[in-house]
Amino acid sequence: MQKIIKKTLSCLLSFSVTVGAATMLSVPGGASAARYGDIDGNSSVNSSDALAVLKHSVGASQLSDEALAFADVNADGTVNSSDALDILKYSVGIIDSFKAEERGVDSQEVKASFKRALAGVQDKLPTYVLKETVFKNADDVKLSGAWTAFISAAKLKELEEKTKQDYNTDRNYTRIVKQKSEDSANRMIKDIDLSDESRFSSVSCNETADGKYILTVSFKDEKNSSSDSLIVGLTGLDDYDQAKNEVEQTNSVDGAKSIVKSFDLEYKNCVLVCEIDKATDEFVNIEWSVDVFSESTVTTAGMTIYMKTSGKRSTSYVNFGY
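Residues numbered from 1 in each chain as written. Predicted model: local features only at pLDDT ≥ 70, side-chain atom pairs only at ≥ 80, totals over all residues. Heavy atoms only, no water.

Draft legend 1. Representation of the pairing of strand S6 (residues 259-277) in the model. Bridge count between strand S4 (residues 212-219) and S6: seven bridges; the pairing is antiparallel. The residue of S6 that forms the bridge with Ser-218 is Val-271. Relative to S6, strand S5 (residues 222-223) runs antiparallel, the two being bridged by two bridges. Looking at the pairing, Lys-223 lines up with Glu-266 of S6. The antiparallel hairpin formed by S6 and strand S7 (residues 282-300) contains four residues in its connecting segment, where Asp-281 sits at a positive phi of about 55 degrees. (Pairing = 2+ DSSP bridges. Helix = DSSP H or I, 4+ residues; strand = E, 2+ residues; numbered from the N terminus.)

Draft legend 2. Region of interest: the nonpolar core. In terms of nonpolar packing, the biggest core is built from 45 residues, with Phe-114, Ile-189, Phe-219, Leu-272 and Phe-283 touching the most fellow members. Looking at which element gives the most residues to this core, the answer is S6, with eight residues. (Core = buried A, V, L, I, M, F, W, Y, C linked by side-chain atoms within 4.5 Å. Buried < 20%, exposed > 50% of the residue type's maximum accessible area, 1.4 Å probe, protein only.)

Draft legend 3. Structural detail: helix H7 (residues 153-167). Taking 1.5 Å of rise per residue, the 15 residues of H7 would be expected to cover 21 Å, and the 21 Å separating its terminal C-alpha atoms lies within 8% of that figure. Buried residues of H7: Leu-156, Glu-160 and Lys-164, and no others. Projected down its long axis, H7 carries its buried residues within an arc of 85 degrees, all on one side. Facing away from the buried side of H7 by more than 90 degrees, the exposed set consists of Ala-154, Gln-165 and Asp-166. As for H7, its buried residues are in contact with strand S1 (127-144). (Expected span 1.5 Å × (residues − 1). Arc of directions from axis to C-beta. Contact = heavy atoms within 4.5 Å.)

Draft legend 4. Molecular detail of the pattern of salt bridges. Applying the stated criterion to the full structure yields 14 salt bridges. Across the pair Lys-162 and Asp-166 runs a salt bridge, and its minimum N-O distance is 2.9 Å. A residue pair is termed a helical-turn pair when its members lie 3 or 4 positions apart in one helix, as Lys-162 and Asp-166 do in helix H7 at four residues. For Lys-162, a relative accessible area of 49% puts it in the partly exposed group. As a salt-bridge pair, Glu-266 and Lys-268 come within 3.9 Å of each other at their nearest N and O atoms. Classification of Glu-266 by relative accessible area gives partly exposed; the value is 26%. Relative accessible area serves as the criterion here: at 28%, Lys-268 is assigned to the partly exposed category. Through salt bridges with shared partners, a single ionic network connects Glu-109, Arg-116 and Asp-281. (Salt bridge = Lys/Arg side-chain N within 4 Å of Asp/Glu carboxyl O.)

Geometric values such as these leave the question of function open.
If you want it as structure tokens, here you go:
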């Protein structure tokens, strides 16, 4: 009987992949209270969540860090088709709980382990592999000023497109931080106070089957962040004043100082995921990512540039050596 059920569920998952997420199965009343298995964050567990996990497992799409924290429903330390199958079983009422929920974890102990792991970085000065991604895109550029009256509309459009291309950045790079020094510790994330969870969008604490803590922190979006913001403090990214000053310096030309008429900076969808060895309070890996948006109007030597940008910054620390 179990083989028949498993085969049937596998066929249902395959069918879902073929016809897309529009094919939905009914959701039992108990599913809405679950957090494990709720991959899309809509407070229910259904076939679309199973489909998202299955697509991730075969490389057809990529789950976000936050979604991954709730996708390993069988608590085996990996996210694969077995998790997708369990989610589908849950959605149709064949099972009423996930193995990951049965493990239980003391969130205060996970947070304490995180603080001890950070303190250990300063004491032990570990080596690690640092991987960083910087993506920037100029979504909209407008050039104006008295000088534009002397060029054609076509030439002006060409200059705007060139400005876009000059600004765009898509860079991935890896550094092996070998030195056991204060520098290797200072490159790490900074401590954050997790005692008041209302300051964050969400804080989740989980434990894997092989004895690792998973701490996932989702930050509230920030606009024009001050130097004491949570996101700036954690990531070391620019606060509003630093970013505005960089815009001013970047647009200065041959001694002609630029004037920033308007500037807005937004950090959105910032997520931190830490895996910690509970036996040693040492990091196994760390990842954070944040979407960055800005809008500016800058005048230099009679030329005004309006620019609207979007981008992403992400960093991971892996292969720790203590």
